[in-house]
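# Structural features, examined
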Amino acid sequence: MHRSIDSFALSCFLGNSQQADAVISWPDGAAVRVLIERERVVLGYEYRGKSRLEKLPLEWRPRGYGGENAYFMCPCCGGRYRKLYLCGGRFQCRKCSGLNYPTQQAGKLDVARRKVRRELKALAVPPERMEDGSDVDGWIPEKPRGMHYSTYYRHCRKLQQARREWYALIIRAARALLG
Ligand SMILES: [Zn+2]
């Protein structure tokens, strides 16, 4: 279910006047109130029980057969688009509203996760123990036999640092998903 707005349709409401308003509703019952001006649109809508007001600039481009069309500028990437989609609590172009951001985050998450595992491995934690949760809590492995204390502490520090980075990324990715 895509909640989208179309700049061509919205600019039609404007006609020759300075300002127009419209209500766009979607089949799921959600609706957006729109105030349309030549240079911008202002959208008022509810997202997760909270009222939101969003200003989006319009860019006018000449049509091949005369006249001109209005386009949105995606607030995320700045690209020019006819359609924006309400996703994660804001209007974005198709690319930005897709899973782009979480996927990028997932890539970073994998890197951070590998760092944690690398330190656990350096501390002689067997792979089967990494899967049982020992890598996600504050658990610090015991010093492996024969390892110097300085090496042990260095890996413990790096392990904690890698975990902090990983947690921070998870929180950020979760927030991005929630909008
Ligand atoms: Zn975009």
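The structure we're discussing is the one just above.
As a starting point, this report considers the structure included with it. (Residues numbered from 1 in each chain as written. Predicted model: local features only at pLDDT ≥ 70, side-chain atom pairs only at ≥ 80, totals over all residues. Heavy atoms only, no water.)

## Focus: the nonpolar core
Side chains of a nonpolar character, in soluble globular proteins, are inclined to be buried together. I5, V41, L43 and F91 are the most contacted members of the largest nonpolar core, which has 26 residues in total. Broken down by secondary-structure element, the contributors of at least two residues to this core are α1 (7-14), β2 (19-25), β3 (31-37), β4 (40-47), β5 (50-62), β6 (68-73) and β8 (83-87). Per element, the largest residue contribution to this core is four residues, and it comes from β4. In this view, F91 contacts R3, I5, W26, V32, L43, Y45, E54, L56, P75, L84, Y85 and L86; residues no more than four positions away in its chain are not counted. Grouped together as the second largest cluster of nonpolar side chains are 14 residues, L109, V125, C156 and A162 included. (Core = buried A, V, L, I, M, F, W, Y, C linked by side-chain atoms within 4.5 Å. Buried < 20%, exposed > 50% of the residue type's maximum accessible area, 1.4 Å probe, protein only. Helix = DSSP H or I, 4+ residues; strand = E, 2+ residues; numbered from the N terminus. Contact = heavy atoms within 4.5 Å.)

## Notes on the sheet that holds β8
The three strands lie next to each other as β1-β8-β9, forming an open sheet whose pairing is antiparallel. Every interior strand has two partners, whereas the edge strands, β1 (4-6) and β9 (90-92), have only one. Averaged over all pairs of adjacent strands, the angle between strand axes in this sheet comes to 30 degrees, irrespective of strand direction. Relative to β8, β1 runs antiparallel, the two sharing three bridges. Across the sheet, S4 pairs through a bridge with Y85, a residue of β8. (Pairing = 2+ DSSP bridges. Axes fitted to C-alpha atoms, helices over the stretch in contact; angles between N-to-C directions.)

Everything listed is a geometric property; what it means functionally is a separate question.
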